[in-house]
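This is what each chain is made of:
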Amino acid sequence: MITQRLLNALGGKILWVAAILLAIAILVPASNLLLPVGHPLRVPNYMVALLGKYLTYAMLALALDLVWGYVGILSLGHGAFFALGGYAMGMYLMRQIGDRGVYANPDLPDFMVFLNWQELPWYWWGFDQFWLAMLMVMLVPGLLAFVFGWFAFRSRVTGVYLSIITQAMTYALMLSFFRNDMGFGGNNGLTDFKDILGYPIQATGTRATLFAITALALAASLLICSAITRSKLGKVMVAVRDAESRTRFIGYRPEYVKLFAFVVSAVIAGIAGALYVPQVGIINPGEFAPANSIEVVVWTAIGGRGTLFGPIIGAVLVNYAKSWFTAAYPELWLFALGGLFVAVTLFLPRGIVGAIGQLRQYWRSRSARDEGGAPSETPETEQVAARSTAASPVLGAAKPQPAE
């Protein structure tokens, strides 16, 4: 009874994906820590950090899918929430350096000493405490999303205008954080981290633990998003996406539904940014770049928006391809990314997951016809059926697949 309710509330596919992430959280660190160097099944140290970075990107794509795939908000500024969470974690890690910095100042980070700062700014107070830093990781992106969404959604800004505003928001933050007088390291950002919770951040065990925590956080975020989208609130979210005016006329407040989803999405993105920083070792204003937020849209579209686990697949595959291309053919990566996005828009408008689902449905219907003795379709009728089931363009109003 309890298991059946859980399956109905979260969806069988989502639980399978969460179980796979749980297995990855155990097997990858175990392979790295327990198997000897040179063993064919051992995951190298650099690969643990690289896979951890991919999983943080997957969390960011999942956060975008919650608002884009289920509420219809195409945000081009989710990189801002990711970066803010990363800066909150980076501030904590900088405070842990203490007098081991280049200038051996126990209170001020090295960049503040270099810029002749005399005392720690008030907004750095308390970041030597881990619990406060983690609270800020969620509170700062969530508060920014709440304030932004409150004014934007109550003003009924929608469509491309809302997308442009979100992009302007992240661009303004990027310009602000580039300034040295902001107190966040300027162009260089925050780096040269030493410890996290007293453990050396470069140690193999620490890296493996961070990877496991990232995989578990991704699984938890997936389950939370699935529970939201499969609830009654999730049905209202889909109604707002498909027919906002009608939803308002029957008594709902679409702006509140949008605001809730936007804030939850921003918090997930902030947590992803916080997990990204200790594994990569740096956070700088470049993370606010609008191009980064646009890449998140590409990951989500390629994986299949409105499916929750599709953006996870898209983020991992695209970033793996990026790592390979930038090493083998660095000058061709942007062309490959653009071509991939165009190809998905034209031939896989529902993304990888949506295409697999359509293919499975086609083979099931064909098998049912063959078993029932019905004549198979001619090539002409198959082409007509394929055209009739084609979804709208990626940036349009494609229907998300149910998160079973």
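Our subject is the structure listed above.
Let me begin by describing the structure that accompanies this report. Counting restarts for each chain, with residues numbered from 1 along the sequence as it is written. Predicted model: local features are reported for residues with pLDDT of at least 70 only, side-chain atom pairs are reported and counted for 80 or more only, and whole-chain, interface and lining totals are derived from all residues. In computing side-chain values, all of the structure's heavy atoms are included and hydrogens and water are not.

**Topic: the overall build of the chain**
Inference 1: Within the chain, the regular secondary structure consists of 16 helices and four strands.
Inference 2: Any residue under 20% of the maximum accessible area for its type is buried, any over 50% is exposed, and the rest in between are partly exposed; the area is computed with a 1.4 Å probe on protein chains only. Burial statistics for the chain: of 404 residues in total, 46% are counted as buried.
Inference 3: Any two residues having at least one pair of non-hydrogen atoms within 4.5 Å are treated as being in contact. Relative to all contacts within the chain whose residues are 6 or more apart in sequence, the contacts with residues 24 or more apart total 77%.
Inference 4: Using a 1.4 Å probe, the Shrake-Rupley method yields the accessible areas, and only the shown protein chains count as cover for residues. For the chain, the accessible area works out to roughly 20,000 Å², and carbon and sulfur atoms hold 67% of it. Numbering goes from the N terminus for both helices and strands, where a helix is a DSSP run of H or I of at least four residues and a strand is a run of E of at least two.

**Remarks on the pattern of salt bridges**
Inference 1: One side-chain nitrogen of Lys or Arg within 4 Å of one carboxyl oxygen of Asp or Glu is enough to make a salt bridge. Taken as a whole and assessed by the stated rule, the structure comprises eight salt bridges.
Inference 2: The salt bridge partner of Arg179 is Asp181, with a shortest N-O separation of 2.8 Å.
Inference 3: Since its relative accessible area comes to 48%, Arg179 is described here as partly exposed.
Inference 4: We note a salt bridge from Arg248 to Glu244, for which the minimum N-O separation is 3.2 Å.

**Section: unusual backbone geometry**
Inference 1: The phi angle at Asp192 is positive, at roughly 60°, despite the residue not being glycine.
Inference 2: Along the chain, the position of Asp192 falls in the loop between β1 (190–191) and β2 (195–196).
Inference 3: Accessibility expressed as a relative area gives 35% for Asp192, which makes it partly exposed.

**Side note on helix α11 (residues 254–280)**
Three or four residues apart is the spacing at which side chains of an α-helix point the same way, because the helix has 3.6 residues per turn.
Inference 1: Under the convention used throughout, the expected extent of a helix is 1.5 Å for every residue step, that is, one less than its residue count. Over its 27 residues, α11 runs 38 Å from end to end, which matches the ideal 39 Å to within 8%, given 1.5 Å per residue.
Inference 2: Among the 27 residues of α11, 22 are classified as buried, and the element is accordingly described as predominantly covered.

**Quick word on the environment of Gly189**
Inference 1: Here Gly189 is to be found in the loop between α7 (159–177) and β1.
Inference 2: If sequence neighbours within four positions are ignored, Gly189 has contacts with Tyr87, Phe184, Ile283, Asn284 and Pro285.

**Details of the packing of helix α6 (residues 130–154) against α7**
The relative placement of two packed helices comes down to the angle between their axes together with the axis-to-axis distance.
Inference 1: Angles here are taken between N-to-C directions and fall from 0 to 180 degrees, while the axes themselves are lines fitted to C-alpha atoms, restricted in helices to the stretch in contact. Where α6 contacts α7, the axes come no closer than 12 Å and their chain directions differ by 145°. Viewed along their axes, α6 and α7 form a crossing whose handedness is right-handed. Contact residues: α6 offers Leu144, Phe148, Ala152 and Phe153, while α7 offers Leu162, Ile165, Thr166, Met169 and Leu173.
Inference 2: Polar here means any residue outside two lists: the nonpolar Ala, Val, Leu, Ile, Met, Phe, Trp, Tyr, Cys and Pro, and the charged Asp, Glu, Lys and Arg; Gly therefore counts as polar. Looking at the contact of α6 with α7 residue by residue, the class counts come to eight nonpolar, one polar and no charged. For any helix crossing, the convention is left-handed if the near helix is rotated counterclockwise from the far helix by under a right angle, and right-handed if that rotation is clockwise.

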